[in-house]
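# A closer look at the structure
Listed below are the residues making up each chain.
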Amino acid sequence: MAVTKIRKVSSWTLISIVVISVIVVLAFFFGGSHVEGERTIYHQTGLLLTWSYILFGAAVLAALFFSFGSFAKGFKNNPKKAMMSLASFILLAVVLLIGYAAGSEEAMTSLNADSARYNTPGWLKVTDMWLYTIYTLGTLVILATVWGAARKSLKR
């Protein structure tokens, strides 16, 4: 069985992301910390936040890229299917905007110097936007999986 080029690229991409993620998590937990009162303050919080933003940004860009690619390719062959692709992009944009609007601007307390620079209203709203979008998309994935399994079992 021959392994296609796209399979090799996607496999190496996944391995790279996992390795970098493990390194970032290890740096976060073992990169030093100090205790202030009852809280442990980790020194690599900025690195962890930056890596999280990079991963989520890459996911959003990939979704946009493949959504537009599917729309352009599908519009020629099947306009109805292409419109569904465009609808998924619009839905993602709406979820992001609602998440940003619902985000809190309330400053966090007891932060170390690394993470204090992200304690601005804009970054706090962006962080909440990403979190709300992750929750929403995760819930939709679970619902779609359950719906697909139920539909499949009912057709038998």
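Cut-off values and rules
Residues numbered from 1 in each chain as written. Predicted model: local features only at pLDDT ≥ 70, side-chain atom pairs only at ≥ 80, totals over all residues. Heavy atoms only, no water. Helix = DSSP H or I, 4+ residues; strand = E, 2+ residues; numbered from the N terminus. Expected span 1.5 Å × (residues − 1). Buried < 20%, exposed > 50% of the residue type's maximum accessible area, 1.4 Å probe, protein only. Contact = heavy atoms within 4.5 Å. UniProt positions renumbered as here; feature names shortened; annotations may be inferred.

Here we come to helix H3 (residues 79–102). With 24 residues, H3 should cover 34 Å at 1.5 Å per step; its first-to-last C-alpha distance of 34 Å lies within 8% of that length. Of the positions making up H3, those classed as buried are Ala82, Ser85, Leu92, Val95, Leu96 and Gly99. Against the buried residues of H3 lie helix H2 (45–77) and helix H5 (121–155).

Moving on to the UniProt feature "transmembrane region" (unreviewed entry) in the protein. In this structure's numbering, the residues bearing the UniProt feature "transmembrane region" (unreviewed entry) are residues 12–31, 51–71, 83–102 and 129–150. The span residues 51–71 is 100% helical and 0% strand by assignment, and the distance between its end C-alpha atoms comes to 30 Å. Span residues 83–102 is 100% helix and 0% strand, its end C-alpha atoms 28 Å apart.

Its 33 residues place the ends of H2 48 Å apart at the C-alpha level, agreeing with the 48 Å of an ideal helix rising 1.5 Å per residue. All of the buried residues in H2 are Thr45, Gly46, Trp51, Tyr53, Phe56, Gly57, Val60, Ser67 and Gly74.

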